[in-house]
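# Structural overview for review
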Amino acid sequence: MTATSPPAPLGIQVPARTHIYISSESAPTDLKIPARDAKGERPKVKGRWQTASDTMSVTSGKTRPSLTQEILSHLGLANKTAAWGTLGTLRTFLSFSVDKDVQRLLRAIASQGVDRSTIVGVLTNRSREQRQLISRAFQERTQQDLVKSLQAALSGNLERMVMALLQPAAHFDAQELRTALKNPGSTEDVAVEILATRSPPQLQECLTVYKHNFQMEVEKDIKSETSGILRDLLLALAKGARESYSGIIDYNLVEDDVQALKQAEGPGTEGTWVIIFTQRNPEHLVRVFDQYQRCSGHELEKTIQNIFHGDDQAALLSLVSVIKNTPLYFADKLHQALQDMGPNYQVLMRILISRSETDLLSIRAEFKKKFGKSLYSSLQDAVKGDCRSALLALCRAEDL
């Protein structure tokens, strides 16, 4: 059965997605499929039936891990879960009492001088869903809007962070995306981050909110505010048409995509990059990147730097980074935000808030591994002002 990719631009040939079913007669010589016994059954391995993945090798002449082991080796830390079901630093507060939190916030706002530590303590120790419950309950019990009350009580970066914490995730992403598209110089960075790292349901909700809040389809803003391959990449990512990983590793398609990218190095071949980068699943693309390096002798990023320039280059490099290792991508962005002349608080807030319930522990691990210093210590050293305690609370702890 064959599923074909959407038509490429004229003159560009992109391999179709083909699922390969391997039989013992057609398997390459280096793919060893367990033989069946006289009854036609596979031998047992440790109390279960042996499968092809127990002995399958993908290279000849060398002993390599089984297919199962290879698949597991490509699952990054962010794809696994901690004891409470997430690699985020923030989880649902088990002793949650919406009434008590409303009273705490009301007293903090009304107290002389405003009790900022209580406000931060409540909002950075509740999940986003719990914060929404607090916001609604505050309105019902006091007839006041919590967001407006906190806006009046706070200022500066702490105000901005509290507003972001109280927004539903889709509203926060939609606002960040709109700001990026309307602010030349940050489009390729923020737009790629949001469109490429959100799950399909999260992305769909973000685009729905975008249309509702700004009375404009995101595609129209992308077309009017960007151009070139950056525009084509963002439009393709906004469609959310990337294949999901089926568990089938199509090595023929990996090789076909590698050859297609090697040939797409001249004018008019940009469509090949867009289709492969935005439609293939990440597990497949990681293998494409590895095979490309083996065949060419250099990483795909070097080819991108030689062929593309400006926003187009930055967008493609960001996509490669996201696909290879999403937590490392965010660790790099956080490090860059901390290295600016003054910390880029908007970037710090966006990443720490959006990843605090998903994979911030993974991001912290990658940060410490690459830069030799924990994210927590880096925030302590670089961040000043009222929002420092809120950012540290989301980061949660030191990595020794």
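Note: the structure precedes this text.
As a starting point, this report considers the structure included with it. Nothing here was measured: the structure is a model prediction, and the numbers come from that model. (Residues numbered from 1 in each chain as written. Predicted model: local features only at pLDDT ≥ 70, side-chain atom pairs only at ≥ 80, totals over all residues. Heavy atoms only, no water.)

### Focus on the overall build of the chain
- Helix and strand counts for the chain stand at 22 helices and 4 strands.
- In the chain, which comprises 400 residues, the share counted as buried stands at 44%.
- For the chain, the accessible surface area stands at approximately 20400 Å², while carbon and sulfur atoms represent 51% of it. (Helix = DSSP H or I, 4+ residues; strand = E, 2+ residues; numbered from the N terminus. Buried < 20%, exposed > 50% of the residue type's maximum accessible area, 1.4 Å probe, protein only. Areas by Shrake-Rupley, 256 points an atom, 1.4 Å probe, with all protein chains shown as cover.)

### Describing the pattern of salt bridges
- Under the definition given, this model contains 21 salt bridges.
- The partner of Asp232 in a salt bridge is Arg231, and the shortest N-O contact between them spans 3.4 Å.
- For Asp232, a relative accessible area of 31% corresponds to the partly exposed category.
- Between Asp399 and Arg364 there is a salt bridge, with the nearest N and O atoms lying 2.9 Å from each other. Of this pair, Asp399 sits in the segment after helix H22 (388-395) while Arg364 sits in helix H20 (residues 360-371), and the two are 35 residues apart along the sequence. (Salt bridge = Lys/Arg side-chain N within 4 Å of Asp/Glu carboxyl O.)

### Re the nonpolar core
- Judged by nonpolar contacts, the single largest core of 52 residues is most densely connected at Ile119 and Leu150.
- Ignoring any residue separated from it by four or fewer positions in sequence, one finds Ile119 in contact with Leu105, Ala108, Ile109, Val114, Leu150, Leu154 and Val162.
- Grouped together as the second largest cluster of nonpolar side chains are 48 residues, Val209, Ile222, Leu261 and Ile276 included. (Core = buried A, V, L, I, M, F, W, Y, C linked by side-chain atoms within 4.5 Å. Contact = heavy atoms within 4.5 Å.)

### Regarding the side chain of Asp312
- With respect to the secondary-structure elements, Asp312 resides in helix H17 (residues 310-324).
- No salt bridge forms around the buried Asp312; measuring N to O, its nearest opposite-charge neighbour Arg231 is 8.8 Å away.
- Apart from residues lying up to four places away in sequence, Asp312 is in contact with Ser227, Gly228, Ile229 and Leu230. (Lys, Arg positive; Asp, Glu negative; His and termini not counted.)

### Examining the packing of helix H3 (residues 98-110) against helix H4 (residues 116-123)
- Two numbers describe how H3 lies on H4: the axes approach to 8 Å, and their chain directions differ by 155°. Considering the angle they form, H3 stands roughly antiparallel to H4. For the pair H3 and H4, the crossing hand works out as left-handed. For the pair H3 and H4, the contacting residues are Asp101, Arg104, Leu105, Ala108 and Ile109 in the first and Thr118, Ile119, Val122 and Leu123 in the second.
- Considered class by class, the residues forming the contact of H3 with H4 number 6 nonpolar, 1 polar and 2 charged. (Axes fitted to C-alpha atoms, helices over the stretch in contact; angles between N-to-C directions. Parallel < 35°, antiparallel > 145°, perpendicular 65-115°, else oblique. Left-handed = near helix turned anticlockwise from the far one by under 90°. Nonpolar A, V, L, I, M, F, W, Y, C, P; charged D, E, K, R; others polar.)

### Comments concerning empty space enclosed by the protein
- Evaluated as defined, the whole model comprises 1 cavity of 30 Å³ or more.
- The space that makes up the largest cavity amounts to roughly 60 Å³.
- If you trace the largest cavity, you find 10 residues lining it, with Tyr245, Ile248, Ile249, Asp250 and His284 closest to the centre.
- Here the lining of the largest cavity is composed, by residue class, of 4 nonpolar, 2 polar and 4 charged. (1 Å grid on protein atoms, 1.4 Å probe; cavity = no way out; pocket = protein on both sides within 12 Å on 5 of 7 lines; lining within 4 Å. Points joined across faces, edges and corners; volume = space filled by probe spheres on them.)

### As for the side chain of Gln132
- Looking at the element boundaries, Gln132 is found in helix H5 (residues 128-142).
- Overall, Gln132 belongs to the buried group, its relative accessible area being 16%.
- Ignoring anything within four residues of it in the chain, the contact list for Gln132 reads Leu166, Gln167 and Pro168.

### A look at unusual backbone geometry
- Non-glycine residue Gln215 carries a positive phi angle of around 55°.
- As for its position among the elements, Gln215 is in the loop between helix H10 (200-214) and helix H11 (218-225).
- The phi dihedral of Arg396 is positive, around 90°, even though this residue is not glycine.
- If you trace the backbone, Arg396 turns up in the segment after H22.
- Residue Arg396 is classed as partly exposed on the basis of its relative accessible area, which comes to 32%.

### Some words on the environment of Ser244
- Position of Ser244 among the secondary structure elements: in the loop between helix H12 (228-239) and helix H13 (251-263).
- A relative accessible area of 64% means that Ser244 is categorised as exposed.
- Each C-alpha atom of the pair Ser244 and Arg280 lies 8.1 Å from the other, and the pair is 36 residues apart in sequence.

### Some remarks on H10
- Taking 1.5 Å per residue, 15 residues should reach 21 Å; H10 reaches 21 Å between its end C-alpha atoms and fits that length.
- Of the residues making up H10, those classed as buried are Leu203, Cys206, Leu207, Val209 and Tyr210. One face of H10 carries all of its buried residues, which in axial projection span an arc of 165°. Turned more than 90 degrees from where H10 packs its buried face, Pro200, Pro201 and His212 sit exposed. (Expected span 1.5 Å × (residues − 1). Arc of directions from axis to C-beta.)

### A few points about the packing of H3 against H5
- In the contact formed by H3 and H5, the axes pass within 9 Å of each other and the chain directions differ by 70°. Here H3 lies roughly perpendicular to H5, going by the angle between them. Note on element contacts: H5 touches H3 through Leu133, Ile134, Ala137, Phe138, Arg141 and Thr142, opposite Val98, Asp99, Asp101, Val102, Leu105, Leu106 and Ile109.
- Residues that form the contact of H3 with H5 fall into these classes: 9 nonpolar, 1 polar and 3 charged.

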